[in-house]
Amino acid sequence: MESELKDLNPKSASHQQPPPPSDDARPLLKPEDSAADPQPLPAATLEDLGKKYAAYVRNDVYGVMGRGELPWTEKLLLGIAFLTLVPVRVAVTLAILVFYYLICRVCTLFSAPNREEEQEDYAHMGGWRRAVIVQSGRFLSRAMLFVLGFYWIKETYRNPDVDGNMTSETECKDQPEESGRPGAIISNHVSYLDILYHMSSSFPSFVAKRSVAKLPLVGLISKCLGCVYVQRESKSSDFKGVSGVVNERVREAHQNRSAPMMMLFPEGTTTNGDFLLPFKTGAFLSKAPVLPVILRYPYQRFSPAWDSISGVRHIIFLLCQFVHYLEVMRLPVYYPTQQEKDDPKLYADSVRRLMAREGKLILSDIGLAEKRVYHAALNGSLCQQ
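Residues numbered from 1 in each chain as written. Predicted model: local features only at pLDDT ≥ 70, side-chain atom pairs only at ≥ 80, totals over all residues. Heavy atoms only, no water.

S.K.: What exactly am I supposed to notice about the side chain of Ser-364 here?
M.R.: Checked against the element boundaries, Ser-364 lands in the loop between strand S11 (362-363) and helix H11 (368-382). Ser-364 sits in the buried class, given a relative accessible area of 11%. Excluding residues that lie within four positions of it along the chain, Ser-364 makes contacts with Ala-55, Phe-275, Leu-276, Leu-277, Pro-278 and Arg-352. (Helix = DSSP H or I, 4+ residues; strand = E, 2+ residues; numbered from the N terminus. Buried < 20%, exposed > 50% of the residue type's maximum accessible area, 1.4 Å probe, protein only. Contact = heavy atoms within 4.5 Å.)

Structural data, given as structure tokens:
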């Protein structure tokens, strides 16, 4: 679920700290090979790491990596939910997924996918087929969120004409003539649930690993979304081609209201929701205006953020919580100045600072490489306890 936009812009890679050579193909949350015999870290060291890598620290009642000691009351609630709530949610969620897959299958019958730069999608279809895919997709995505416990979603809209306190950094004093639809939605990345929300709200296209296109059920749905596929393991020059596809899609969405809009997570990985990591510039190379959206997941017991917890453990705890909360803040469309158009890094930084200020998020300078270091340290400690 972590859309690595650094893959879309090879030039930006030189500005990022590279991950350890042996970690690229290794899942973040699996401990090192037992032969490596990781050494436990003192509590003081873990506390220091928590301060250094604060953007990935879990602060809910489930503790570090979701493995903390729970009170007996929480264990009792988990046991009851696991036996009653989880089976119902799993069954209904799978039913919704299969139902939407069948809708997509029917709507794409006798229709050839659009093919461009080794990509293929059904997002450029027109007429009733596209209308059915989009409307049913938005409705069923919201239904799936409801089943998972997101009964209410609080959405707020930032209106500069009403608020009247836009600073010079975000004020559109040089409002361009190209006002109108943004080319992409820019969002902070907290959880894989972000995708479900954006599907229910605007049904945009995402950047996904190429293997997603071959998954049962999800593969066809991703093609109907118009996902742009990247091969993260490849070091070939096809990244340039993918970057070109994304930028063309962003420009197309800005100029053509019927074209699918791109949804990009420029941080490149998930955080605990309180921080905003540096933005990759791949989302801003097209020079088109963007729509910033800020997601927050308030919680009381379990945090829906996918920061430093395994996927299986996160899904189980998520399904066991009766209710979850999601707050969404939509900012006005950001129109870049000519200087920002000429400097994608400046454009990315301006949007990032705007989102941090309006969403009261803390700016952090760490990234995916540091996330791997933090996870390795946690695994090395917890595996010896």
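S.K.: Is there a simple way to think about the packing of helix H2 (residues 72-107) against helix H8 (residues 311-320) in this case?
M.R.: Relative orientation and spacing of two packed helices are given, respectively, by the angle between their axes and the distance between those axes. Viewed as axis vectors pointing N to C, H2 and H8 meet at an angle of 95°, and their least axial separation amounts to 8 Å. For the element pair H2 / H8, the angle class is roughly perpendicular. Across the interface between the two elements, Leu-78, Ala-81, Phe-82, Leu-85, Val-86, Arg-89 and Val-90 of H2 pack against Ile-316, Phe-317, Leu-318, Leu-319 and Cys-320 of H8. Here the contact of H2 with H8 is built from residues that sort into 11 nonpolar, no polar and one charged. (Axes fitted to C-alpha atoms, helices over the stretch in contact; angles between N-to-C directions. Parallel < 35°, antiparallel > 145°, perpendicular 65-115°, else oblique. Nonpolar A, V, L, I, M, F, W, Y, C, P; charged D, E, K, R; others polar.)

S.K.: Looking at this model, I keep getting lost on the sheet that holds strand S4 (residues 184-187). Mind explaining?
M.R.: Sheet strands line up and pair through hydrogen bonds in the backbone, either parallel or antiparallel. Overall, mixed pairing links the five strands, which are arranged S3-S10-S9-S4-S7 in an open sheet. A single partner strand is all that each edge strand has here, and the edge strands are strand S3 (153-157) and strand S7 (262-264). Taking the axes of each pair of neighbouring strands and ignoring which way they run, one obtains an average angle of 20° across the sheet. Alignment of strand S9 (residues 290-296) against strand S10 (residues 326-330), held across four bridges, turns out to be antiparallel. Each bridged residue has a counterpart across the sheet, and for Ile-294 the counterpart in S10 is Met-329. Here helix H10 (residues 344-359) sits on the sheet and contacts S4, S9 and S10; the angle it forms with S9, its principal contact strand, is near 40°. (Pairing = 2+ DSSP bridges.)

S.K.: Help me understand the nonpolar core in this model?
M.R.: Across soluble globular proteins, nonpolar side chains show a tendency to be buried alongside one another. Tyr-100, Leu-193 and Phe-206 are the most contacted members of the largest nonpolar core, which totals 58 residues. Only H2, helix H3 (127-147), helix H5 (193-201), helix H6 (218-225), S9, H8 and S10 provide two or more residues apiece to this core. Tallying contributions element by element places H2 first for this core, with nine residues. When neighbours within four sequence positions are excluded, Phe-206 is seen to be in contact with Ile-195, His-198, Met-199, Leu-225, Cys-227, Val-228, Met-262, Met-263 and Phe-265. Core analysis: the second largest hydrophobic core is formed by 27 residues, Val-230, Val-245, Met-262 and Phe-284 among them. (Core = buried A, V, L, I, M, F, W, Y, C linked by side-chain atoms within 4.5 Å.)

S.K.: Please explain the packing of aromatic side chains as it appears in this structure.
M.R.: Think of a pair of aromatic rings as described by two things: how far the centres are apart, and how the planes are tilted against each other in angle. Applying the stated criterion across every chain yields a total of 13 aromatic pairs. Residues Tyr-151 and Phe-322 carry aromatic rings whose centres are separated by 5.5 Å and whose planes lie at 50° to one another, so their mutual orientation is tilted. Taken together, the residues Tyr-151 in the loop between H3 and S3 and Phe-322 in the loop between H8 and S10 connect sequence positions 171 residues apart. Of the aromatic side chains, those joined through ring pairs into one cluster are Phe-146, Tyr-151, Trp-152 and Phe-322. (Phe/Tyr/Trp six-rings, centres within 6.5 Å; stacked < 30°, edge-to-face > 60°.)

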